[in-house]
Every structure is written in structure tokens, then in C-alpha cells.
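# Observations on the model geometry
Here is what each chain is made of, one letter per residue.
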Amino acid sequence: MKQALVDDTEDVSLDFGNEEELAFRKAKIRHPLATFFHLFFRVSATVTYVCCDWFSRSFVGCFVTVLLLLSFDFWSVKNVTGRLMVGLCWWNQIDEDGKSHWIFEARKVTPNNMAATEAEARIFWLGLVICPMIWIVFFFSTLFSLKLKWLALVIAGISLQAANLYGYILCKMGGESDISKVTASFLSQTVFQTACSDFQKPGLEGLEIHQH
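Residues numbered from 1 in each chain as written. Predicted model: local features only at pLDDT ≥ 70, side-chain atom pairs only at ≥ 80, totals over all residues. Heavy atoms only, no water.

The name given to the protein in an unreviewed UniProt entry is Golgi apparatus membrane protein TVP23 homolog, with Equus przewalskii as the source organism.

Describing two packed helices takes the angle between their axes plus the distance from one axis to the other. Close contact between helix 4 (residues 59-86) and helix 5 (residues 118-144) brings their axes to 11 Å; oriented N to C, the two are set at 155 degrees. Overall, the two elements helix 4 and helix 5 adopt an arrangement that is roughly antiparallel. In this structure, helix 4 meets helix 5 at a crossing whose hand is left-handed. Facing Val66, Leu70, Val77, Thr81, Gly82, Leu84, Met85 and Val86 of helix 4, the residues of helix 5 in contact are Glu120, Ala121, Ile123, Phe124, Trp125, Leu128 and Trp135. Among the residues forming the contact of helix 4 with helix 5, the class breakdown is 12 nonpolar, 2 polar and 1 charged. (Axes fitted to C-alpha atoms, helices over the stretch in contact; angles between N-to-C directions. Helix = DSSP H or I, 4+ residues; strand = E, 2+ residues; numbered from the N terminus. Parallel < 35°, antiparallel > 145°, perpendicular 65-115°, else oblique. Left-handed = near helix turned anticlockwise from the far one by under 90°. Contact = heavy atoms within 4.5 Å. Nonpolar A, V, L, I, M, F, W, Y, C, P; charged D, E, K, R; others polar.)

So, about the layout of surface pockets. In this approach a probe as big as a water molecule rolls over the atoms, and the regions it shows empty are the leftover space. Its volume calculated, the second largest pocket comes out at about 200 Å³. Mapped by element, the contributors of at least two residues to the lining of the second largest pocket are helix 3 (32-55) and helix 5. By residue number, the principal contributor to the lining of the second largest pocket is helix 3, which donates 5 residues. In terms of residue class, the lining of the second largest pocket is made up of 6 nonpolar, 3 polar and 2 charged. (1 Å grid on protein atoms, 1.4 Å probe; cavity = no way out; pocket = protein on both sides within 12 Å on 5 of 7 lines; lining within 4 Å. Points joined across faces, edges and corners; volume = space filled by probe spheres on them.)

All right, on to the UniProt feature "transmembrane region" (unreviewed entry) in the protein then. Under the UniProt annotation, "transmembrane region" (unreviewed entry) lies at residues 56-75, 123-144 and 150-171. Along residues 123-144 one finds 100% helix and 0% strand; the C-alpha atoms at either end are 32 Å apart. Within residues 150-171, the helical portion is 95% and the strand portion 0%, while the C-alpha atoms at the span's ends are 32 Å from each other. (UniProt positions renumbered as here; feature names shortened; annotations may be inferred.)

Below, the discussion takes up the pairing of strand 1 (residues 88-94). In this structure, strand 1 lies alongside strand 2 (residues 100-106), joined through 7 bridges in antiparallel fashion. By the bridge assignment, Trp90 is partnered in strand 2 with Phe104. Hairpin remark: strand 1 followed by strand 2, antiparallel, with 5 residues in the connecting loop; positive phi at Gly98, about 85 degrees. (Pairing = 2+ DSSP bridges.)

Next comes the structure, spelled out in C-alpha cells:
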């Protein structure tokens, strides 16, 4: 009888890995400096563009200042904050034949390399999506108010920020080059994750590199 009890008994291993990962993802911002600069340059460029007439009468000075802020934002988001905050990266590479290849990379999640926190991911994507929309509003306001001297700067702002948005969406979607499929898939995934946030926690993808 005792032997039967022993045979029917199973060892149950408790896996605390998922609980630790969920606790980590719910934690506060892990990379405060990267999060700060992810928003600092793009918000500064927007505020400077709106308020430059109040502080300076020099069109050239305002133009150069905003353009520099946009350039710093493009570089920092593309090369630093995307890697740290969401584990994504994209770049262009020229092969020996002179052909251009776009490479999209997603960081592999390991016990020593945890996924980004939800707060960081939310800040990253909100900043990446909202700011280009603001510059699109600036484009139409500049066009309708006939302030054509600012048009080149606004187009530069849209181009630089939309390039990062497009690149990171391709990273998130695995390098799919069809923009209509990418947009539909990204929006549907975002809506689904938001609706099911209480039941399913999104994680980062494994290391995937795609070339185009």
C-alpha cells in the first residue's frame, strides 16, 4: 500500500520564471536616461518650432536649431533608444556588389537579457507614433497659412521621424516590406494586445535578422 502511494506521487516543479518576468515587465522604467532622450529631442524640436517666433526673429537661427534637434532625435532613436527600450534595431548595409540591404533585428530574450518593461515600450511607441502626426499637422497649417519658408523644415521633420517609425514597424513585424500589410498587421496587433492586456502580456521576439 505504501509502495502504491509512492508510485502515484509525482514531483511538481514550480516555475517562478514567468512570475519574475511579469514582475520585471510591470516594474518602473529600467533605462531612465534613454527614455528621457527618446522624448527630449523630438519634444524640444516641436516646442522650438512652435515658439521660435516668440524668442528670436532670426529665421536661419530657428531653422538650424530645429533641424539639429531633429537630426539628434533621428540618430538617438535609431541607434540607442530603440535597442535599449524595446530591443529593436534597423540599419542599411551595402554589400560587395554595391547593393543596398535593409537589416531589421530584434533582441533575443534570455534570462540574462530580459525583455523591456511595459512602461518603456509604451513610451517608446507613443513617442514614435504621435510626433510624426504632429509634424503632419504642421505641414498642413504651414501650407494653408502660406508660410512657405517653413515648408522645407516641416518636410524634413516628417521625413526623419517617419523613417524611424517605418523602420521600427518593420522590425516589429519581422521585416515585411509590404507597407499595407505591415500597417494592417501592426494596428491589429496593437488593438488586440490592448484589449487583452489583462490576459496576455506581449514579449519581445527572438533574434531575427531580415535583409531586403
